[in-house]
Each structure stands twice: as structure tokens, then as C-alpha cells.
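# Commentary on secondary and tertiary structure
Next come the chains, spelled out residue by residue.
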Amino acid sequence: LKADGQKIVDGNGNEVLLRGYAPGGWLLIEGYMMHESGGSVGAQHEIKEKLVELMGTDKTEEFFKKWRENHFTKRDVDSLASWGFNSIRVPLHYNLFTLPIQDEPVSGENTWLDEGFNIIDNVLDWAKPHKMYVILDLHAAPGGQGANAAISDYNSDLPSLWESELNKNKTIALWKKLAERYKDEEWIGGYDLLNEVNWEMENDNEELLNLYKDITTEIRAVDSNHIIFIEGNGFANDFNGLTPPWDNNMVYSFHKYWSENTTESIQWVLDIREENNVPLWMGEAGENSNQWFTEAIESLSLIHI
């Protein structure tokens, strides 16, 4: 896939409208998705702590292993393909690829783990026969990229992504590692660098912009092929300071929750597309009725998002 003006196109130049599904809760458990009550165990690290209290470390590790093996499988991908989906946005937790900074044997270095890469390889193997694109989405970055802990596994007792140069460096290194591995893989649809940042920043998201540019530089050092998807701050909807595009193969990705299905409700992001001649991707929606989803898909399809 490539960005071509305001469209996403395939290798033959044909426009591709991404009709995707994200297996939320698979590689990053978000408590609210499981209807946990009281809000006391919203983040994955809190859920893990409760399970350790309940049944010990070994059984907790076994639970998470079995969860990852069974929550989303080849059968699900086969079903999605039969229903007309052409893409899968895989929400990744960094800790499947590398150690937390506080656990690194040598501070500032990166220990690489096989599990996360093996999982992506499996999804690609499942998706390729159906010609489905796999989009890598860093849902939980080192340290956590958002104050809303449940969706990024942020632990306020530890430095966030924005409070630690070590976490920033590990995030950059992870994306370079992913790009090195998948640079020639045609069914990788692109790299969604950070999911739903929600962090108060100064100077029109300057810190977010700088990190995005640093990640882009490292990706492009090894991979000139794949789209880079950029989400805004404020749960992917604050693009202040993040325009104009700094790469010629970039797509702006917004998320749509709790809003009317009218052109007026997304006119602000249509203006970004027009002013910057860049494609848009509505990368995530949810928590609404089937009727709302039907109307959203119809309206977004008409305007090629």
C-alpha cells in the first residue's frame, strides 16, 4: 500500500478502501472491554497483579499465554475474509517484543523477545491467502503513551513514555526493529506508530511531533516501502502541530466515537485531507449500536475513508 495524493493505493495503483477489524483485548487486555466493575483493575498490569494474588505467578503466566494463543486465531481471520474484510489492525503491547526499561540488564540497551514477532508472523500467514493487509498498531508503548491507563497499560508509579528518554529510545528502536523485519512484506499494510495518545503537551504537540519524526527517520533508514499512519493527540483527534506531513508515504488516522454520522461531524479532518493532500484512515470506532456502525460505514465509504 502507498499514499497517493488523497488516496491509499495498492502496488498496481488501484485505490484501496480499508475495511478492517482490530482484535481489541487480544495482545493488550483492557479492563473496560471485559466489563470489570469498580474501575480498580482497568489496566493490564493491574489485572495481572490481581491474578498473581489469586493463583500465583506461574498460573498467571500460563493464563496469559493461553489467552494469546486462543483469543484470536486463523479461524477468525478466515471468517473476517469471508465477511468482506480486507485488513486487520493488530494492537501490539511492547512487552511482547522487548523488556521494560526497569528490567533491562544494561540500562539503555534493548533485549529482544521472540513472542511478539512470532505472533505477527502468524497473523501474516493467516492473512496472506485472503490478500488481507496487516496493520501494526503500537497500542501500548514503553511506559504508556496516555494518561488513560486502560488503553496503554500506563502505570503512574513508573515513568511514562513522555517522562523518560529511555522509553522514547526503546519505542524508536522497536519500530526500527519491526521495519527491518517486515520491510519487504507486501501484506503489511503499514505502521500505526502510537495509538490514542492522550497527554497534555505544550507548543501544539511539539513533543509528540518530535517523537513521530524520530521514529519516521529510523523506519525510513531501513524501509521506504510502507505507509506510516499518524494519529493525533486527544485519543487520535487532535492534530494541532502535526501538519503538514513530513513524509511522502503518510496517512493521518483519526478515531470516531460517540459522534453523529454526518459529514459535518468529520469536516475538520476532511479539511486536513484537503489542505495537505494526504489520505485519511478512520482507524478505530466502537461502543455503539449496530445501526450506528452501519450508518458510519456507509457515510465513510462515500467519502473514501
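Keep in mind it's a predicted model, so treat the numbers as computed, not measured.

With that settled, consider unusual backbone geometry. Residue Pro 244 is bonded to the preceding Thr 243 through a cis peptide linkage, with omega at 0 degrees. The phi angle at Lys 131 is positive, at roughly 55 degrees, despite the residue not being glycine. Inspection of the secondary structure puts Lys 131 in the loop between α3 (114–127) and β5 (133–140). The backbone of Ala 236 sits at a positive phi, close to 80 degrees, despite the residue not being glycine. Its location among the elements puts Ala 236 in helix α6 (residues 233–236).

In this fold, Ala 127 is placed in helix α3. Each C-alpha atom of the pair Ala 127 and Ile 227 lies 18 Å from the other, and the pair is 100 residues apart in sequence. The residues contacting Ala 127, other than those within four sequence positions of it, are Val 77, Met 132 and Val 134.

Turning our eyes to something else, we now look at the environment of Glu 200. Here Glu 200 shows up in the loop between β6 (188–192) and α5 (206–220). The spacing of Glu 200 and Gly 190 is ten residues in sequence and 27 Å in space, taken between C-alpha atoms.

A complete count under the given rule lists 17 salt bridges for this structure. Between Glu 15 and Lys 7 there is a salt bridge, and its shortest N-O distance comes to 3.9 Å. Accessibility expressed as a relative area gives 34% for Glu 15, which makes it partly exposed. Judged by its relative accessible area of 43%, Lys 7 falls in the partly exposed class. Its salt-bridge partner being Asp 78, residue Lys 74 comes within 2.8 Å of it at the nearest N-O pair. Of this pair, Lys 74 and Asp 78 are both found in helix α2 (residues 74–82), four residues apart, which corresponds to roughly one turn of the helix. A relative accessible area of 43% places Lys 74 in the partly exposed class. You can call Asp 78 partly exposed: its relative accessible area is 27%. Among the charged side chains, a network of salt bridges with common partners joins Arg 89, Asp 137, Asp 192, Glu 231 and Glu 284.

Hydrogen bonds between backbone atoms are what pair the strands of a sheet, whose relative direction is either parallel or antiparallel. The strand order across the open sheet formed by seven strands is β3-β4-β5-β6-β7-β8-β9, and the pairing between neighbours is parallel. On the outer flanks of this sheet lie β3 (20–21) and β9 (280–285), each paired with one strand and no other. Pairing of β5 with β6, which is carried by four bridges, proceeds in the parallel orientation. Counterpart to Asp 137 in the pairing with β6 is Asp 192. Of the strands in this sheet, β6 and β7 (228–231) touch α5, which is tilted by about 170 degrees from β7.

The rules behind these values
Residues numbered from 1 in each chain as written. Predicted model: local features only at pLDDT ≥ 70, side-chain atom pairs only at ≥ 80, totals over all residues. Heavy atoms only, no water. Helix = DSSP H or I, 4+ residues; strand = E, 2+ residues; numbered from the N terminus. Contact = heavy atoms within 4.5 Å. Salt bridge = Lys/Arg side-chain N within 4 Å of Asp/Glu carboxyl O. Buried < 20%, exposed > 50% of the residue type's maximum accessible area, 1.4 Å probe, protein only. Pairing = 2+ DSSP bridges. Axes fitted to C-alpha atoms, helices over the stretch in contact; angles between N-to-C directions.

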